[in-house]
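# What the coordinates show
Residue strings, one per chain:
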Amino acid sequence: MKKIIMHIDVNNAFLSWEAKYLLDQGSNLDIRTIPAVIGGDESKRHGVVLAKSTPAKAYNIVTGESLFNAKQKCPRLKIYSPHHEIYEQESAKLYKFLSNYSPKVERSSIDECYIDYSGMEKLLGDPLKVAHEIKDKIKELYGWTVNVGVGNNKLCAKMASDFTKPDKVHTLYQEEIETKLWPLPVNELYMIGKKSSVKLNEIGIKTVKDLASYDFEKLKLLFKKTAYMMRDYAFGIDNSEVDNLPHENKGISISTTVANDLINKEQIKKVLWDLVGELSSRLRKENVYASVIVLSLRNNKFINYSQQRKIINSTNTTKEIYNEVCQLLETLYKKEPIRLVGIRVTSFTDKPYQQISLFNSGEDIKKDSSLDKTIDKIKDKYGNNIILYASSKK
Ligand SMILES: [Mg+2]
């Protein structure tokens, strides 16, 4: 039986959510109707465009470009600062609403969700009818619009939701690959980055169809392992599941966006120390130990990168996780301004696996965890900000 997957994507999410917020605050201007962008503080640093209105798009303003540039393209452009707390709330509404349509909902980013609609037809009806209902009800209930893409897997649903915007439903079923996917420029195919598309263009691959019909052996020589993914995607093949695991099972993550870019390792480490403190105390509360640690950084051009590390001893002590994270930082950090720092831990065990290493005697570990426990108790009693470990003040 073919799966039915839907991808729901909020149109110009930050801008739409900001527009709704401003209207709720009593403004009588809908910023979706004027050239407007959401961007960081112009005065504090070189802010960039986070989201743009459709009228702003008409001036060729693109996400990620500097506010300065954007203003040059359209001098009467209005710039609004983001309200991330509001966006989180709107995003949560989307997720909750979609849970009415399937038990399998995946929140793939702040403004995108997948639902697995397979088997739901019997209960709720025709997928296309339901896709329209989702789109219309969201607009009616929350005051912003979405695109809904429907397909037989996540890739096709995602591609379909991107066809034309806003406020639209599109399908990309298996039998529509040749007519709807193949004519697209190859750089529009999911996961084909700028670098790859330049490389592909150089060897004469301009469209998805060109990619699908290109000699696979040659493609492998050029792109190694990535060639397999490219070929699959060009044929609309994707076997990944809608991942509806509750957050806990996916791991625990914590991140922070800083007001001023972090410009050296010491500054990043300070932030990391605070994050690790918070994160490890959550691990201890849930009585679990992590054995994989992921560090993510976002630079001032909004490019994310991350690296993970499997650790020999699963742990939940602040000091050990901090040490691991610092080692990741050594390899990950490219000496560029950093705007967001995040840490995620996964692969939980319910026991610490302690192999006495050269650097850590069993005694040290015991000492660290009893210190952590004391601190957790104090934090519980007096709140989070009462204690700063000595190193966070360095
Ligand atoms: Mg979106």
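Figured I'd write up the structure that's included with this text. Every value quoted in this text rests on a predicted model; they were computed, and no experiment measured them.

## Observations concerning the pairing of strand 7 (residues 146-151)
- For strand 7, the buried fraction is high: six of the six residues fall into the buried class.
- Neither face of strand 7 is open: one carries Val146, Val148 and Val150, the other Asn147, Gly149 and Gly151, and all of them are buried.
- Note that strand 1 (residues 5-10) and strand 7 share six bridges and pair antiparallel. Directly across from Ile5, in strand 7, lies its bridge partner Gly151.

## Quick look at the coordination of the magnesium ion
- Looking at the metal site, the magnesium ion is ligated by Asp9 (OD), Val10 (O) and Asp111 (OD), spaced 2.1 to 2.4 Å from it.
- Written as a sequence motif, the donor arrangement for the magnesium ion is D-V-x100-D. Of this pair, Asp9 sits in strand 1 while Asp111 is found in the loop between strand 5 (105-109) and strand 6 (112-116), placing the two residues 102 residues apart along the sequence. Each member of the pair, Asp9 together with Asp111, is buried.

## Quick look at the packing of aromatic side chains
- One pass over the full model with this rule turns up 11 aromatic pairs.
- Ring geometry for Trp17 and Tyr87: centres 6.1 Å apart, planes at 35 degrees, overall tilted. Here the residue Trp17 occupies a position in helix 1 (residues 13-24), and Tyr87 occupies one in helix 4 (residues 84-98), the gap between them amounting to 70 residues. Neither residue differs from the other here; Trp17 and Tyr87 are each classed as buried.
- Through a chain of ring-to-ring contacts, the aromatic side chains of Phe14, Trp17, Tyr87, Phe97, Tyr101, Tyr142 and Trp144 assemble into a single cluster.
- Directly above the aromatic system of Phe223 lies the positively charged group of Lys199, at a separation of 4.7 Å from the ring centroid.
- The ring of Phe216 has Arg231 lying over it, and the distance from NZ or CZ to the ring centre is 3.9 Å.

## Comments concerning the sheet that holds strand 4 (residues 78-80)
- Judged by pairing direction, the sheet is mixed, and its three strands sit side by side in the order 3-2-4 without closing on themselves. A strand with exactly one partner marks an edge of an open sheet, and here the two such strands are strand 3 (49-52) and strand 4. Ignoring strand direction, the axes of neighbouring strands in this sheet form an average angle of 30 degrees.
- For strand 2 (residues 36-39) and strand 4, the ladder comprises three bridges, and the chain directions are parallel. Among the inter-strand pairings, Ala36 is bridged to a residue of strand 4, identified as Lys78.
- Those strands touched by helix 1 are strand 2, strand 3 and strand 4, and its axis lies near 100 degrees from that of strand 2.

## Notes on the sheet that holds strand 8 (residues 169-172)
- Strand order in the open sheet formed by five strands is 5-6-1-7-8, with mixed pairing between adjacent strands. On the outer flanks of this sheet lie strand 5 and strand 8, each paired with one strand and no other. The mean inter-strand angle of the sheet, taken between neighbouring strand axes irrespective of direction, is 20 degrees.
- Along the sheet, helix 4 contacts strand 1, strand 5 and strand 6; its crossing angle with strand 5, the most-contacted strand, is approximately 155 degrees.
- The strands that helix 6 (residues 127-142) touches are strand 1, strand 6, strand 7 and strand 8; relative to strand 7, the one it contacts most, it runs at about 165 degrees.

## Structural notes on the side chain of Glu90
- Assignment of secondary structure puts Glu90 in helix 4.
- Residues in contact with Glu90, not counting those within four places in the same chain, are Trp17 and Trp144.

## Comments concerning the side chain of His7
- Its location among the elements puts His7 in strand 1.
- Looking at His7, its side chain comes within polar contact range of the side chain of Glu112, at 2.9 Å.
- Apart from the residues lying within four places of it in its own chain, the contact partners of His7 are Ser108, Glu112, Cys113, Tyr114, Asn147, Val148, Gly149, Ala157, Lys158 and Ser161.

The rules we used
- Residue numbers restart at each chain and count upward from 1, following the sequence in its written direction.
- Only residues with pLDDT of at least 70 are given local features in this predicted model, and only at 80 or more are side-chain atom pairs given and counted; all residues enter the totals for whole chains, interfaces and linings.
- To obtain the side-chain values, all non-hydrogen atoms of the structure were included, while hydrogens and water were left out.
- Throughout this description, buried means an accessible area under 20% of the type-specific maximum (1.4 Å probe, protein chains only), exposed means over 50%, and partly exposed covers the range between.
- Only runs of H or I of at least four residues qualify as helices and only runs of E of at least two qualify as strands under DSSP, and these elements are numbered from the N terminus.
- For two strands to pair, DSSP has to find at least two bridges joining them.
- Coordination here is defined by N, O and S atoms within 2.8 Å of the metal (3.2 Å for Na, K and Ca), and since water is not considered, a site can look incomplete.
- Centres within 6.5 Å make a pair out of two Phe, Tyr or Trp rings, where for Trp the six-membered ring is used; the pair is then stacked when the planes are under 30 degrees apart, edge-to-face when over 60, and tilted otherwise.
- For a Lys NZ or an Arg CZ to count as sitting over a ring, it must be within 6 Å of the ring centre and within 35 degrees of the ring normal.
- What counts as an axis is a line fitted to C-alpha atoms, over the stretch in contact for a helix, and the angles between N-to-C directions run from 0 to 180 degrees.
- It only takes one pair of heavy atoms within 4.5 Å for two residues to be counted as in contact.
- N or O atoms closer than or at 3.5 Å make up a polar contact, with two conditions inside protein: a donor-capable atom paired with an acceptor-capable one, and, for residues adjacent in sequence, both atoms drawn from side chains.

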